[in-house]
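# Structural overview
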Amino acid sequence: MPKCYNKKMKKFTFLAFFLACNIFAAVSLPAQEPDLASYLPLLQAPSRTDAQNARVLNLFASSSNPETIFAAGASLVRITPPPAQEGRLFNILIKDNNVLKKTFAAVILTAMGGMHEELAPLLQDAASSQDHAVRAYAASAYTVLNPSGSPYRDEVVNLYIYDPAFAQRAMNLLAKDEKSTLKNLKEAAKSADAQVRAAAAQWLGDLQTQDAAKQLLKMAKTEQNDQAAAAVASALAKNSQWTQPSVIKDLKTDYTKKPAATYALALGLMAGQAVEDIRQGLGSTNLNIRINSARAAAYMAALLASADAALYTQDKDFDAGLLKSLIPQLNDMVKKDSAPVKVYADGALKQMAKLM
């Protein structure tokens, strides 16, 4: 089973540093299977007619391939079928032997708004799945049916990576107000599961509050997992009005430590608004600040050269022009600075060359 699929994940995919993936990638299917690739526009569409949703349901019901079942099922959770299709989904629950399909049929029925308590045992069983995504969907659906008895807070948070709307729906039943939601996210940020921490960081970033930003700064100091650190960095960048001063200050962190890369990445993702801070950092007498500033410049160049630039900047060309103004300073560092700094300055210049 794939580990992630939602476009939300693309917010931190443009560097090898990011470990996100896309469930809707074309897969090799048996000849009798529908061609998943041809369904991609329909699965990813922001809205669908009932007739289009019927096509997706047909794909879900007729497939035996896990990738296709998951992709179609998750899409039907996001855009649910009309009530008239309940019978077909119950028919899958009764007659189909495919456990993944039965699980997603139960999740879809729950997402449609029906309070079918008889689905709870199936969803509870699926909530112990070894697969992150299946576990998150099933646990969140169980929570919608039984919020007072749900032990699945972290799985609800984890679902945010895949389906923010359904995750929010489940969280609204677990948390009585925004303060309670923040408390749950703070607890999830301590999870032993790195993907839960990544989801918590992404959700905290989307809250756009100062309290959430404080939690993200706290996470940045200790996070060691690449995926979770990338999510933290992206969220810090999204909340730059509260985080930028602290991120700049923490560029003094030992460049060999993981948090240093997180701070550099966060600054790089702030795009044009961070160029002047990077310029000043490159001129610092502190070796760590110079290295981490050069690293931030490299990240920013990689961002601006990527297809995801629009997620972080409103004017890619303008920001690229600002960034390229650092080239003389970086060239000088390559010629005159200490060996460790030269490596990172040269790396930044190589990334900037992609903007030419």
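Residues numbered from 1 in each chain as written. Predicted model: local features only at pLDDT ≥ 70, side-chain atom pairs only at ≥ 80, totals over all residues. Heavy atoms only, no water.

When you line up the elements, Asp163 lands in the loop between α8 (153-159) and α9 (164-174). Arg78 provides the closest opposite charge to the buried, unpaired Asp163, separated from it by 6.1 Å. Only 3.0 Å separates the side chain of Asp163 from the backbone nitrogen of Phe166, close enough to count as a polar contact. (Helix = DSSP H or I, 4+ residues; strand = E, 2+ residues; numbered from the N terminus. Buried < 20%, exposed > 50% of the residue type's maximum accessible area, 1.4 Å probe, protein only. Lys, Arg positive; Asp, Glu negative; His and termini not counted. Salt bridge = Lys/Arg side-chain N within 4 Å of Asp/Glu carboxyl O. Polar contact = N/O pair within 3.5 Å; in protein donor to acceptor, adjacent residues only side chain to side chain.)

Excluding glycine, most residues fall at negative phi; most peptide bonds, likewise, are trans. One non-glycine residue, Gln208, adopts positive backbone phi at about 55 degrees. By the secondary structure assignment, Gln208 is in the loop between α11 (194-207) and α12 (210-220). We note that Ala271 has phi near 55 degrees; this positive angle belongs to a residue other than glycine. Its place among the elements puts Ala271 in the loop between α15 (258-269) and α16 (275-282). Given a relative accessible area of 0%, Ala271 falls into the buried group.

In the structure shown here, the tally under the stated rule is 7 aromatic pairs. Consider the rings of Tyr255 and Tyr344, whose centres lie 5.8 Å apart with planes at 80 degrees: the pair is edge-to-face. Of this pair, Tyr255 sits in the loop between α14 (240-249) and α15 while Tyr344 is found in helix α20 (residues 339-352), placing the two residues 89 residues apart along the sequence. The exposure class of Tyr344 is partly exposed, given its relative accessible area of 25%. Ring-pair connections join several aromatic residues into one group, and the members of that group are Phe70, Phe104, Tyr137 and Tyr162. (Phe/Tyr/Trp six-rings, centres within 6.5 Å; stacked < 30°, edge-to-face > 60°.)

Inspection of α9 places Phe166, Ala167, Ala170 and Met171 among the buried residues, and these make up the whole buried set. In an axial view of α9, the angular spread of the buried residues amounts to 135 degrees, which keeps them on one side of the axis. Of the surrounding secondary structure, the elements contacted by the buried residues of α9 are α3 (66-78), α5 (99-111), α7 (132-145), α8, α10 (178-188) and α11. (Arc of directions from axis to C-beta. Contact = heavy atoms within 4.5 Å.)

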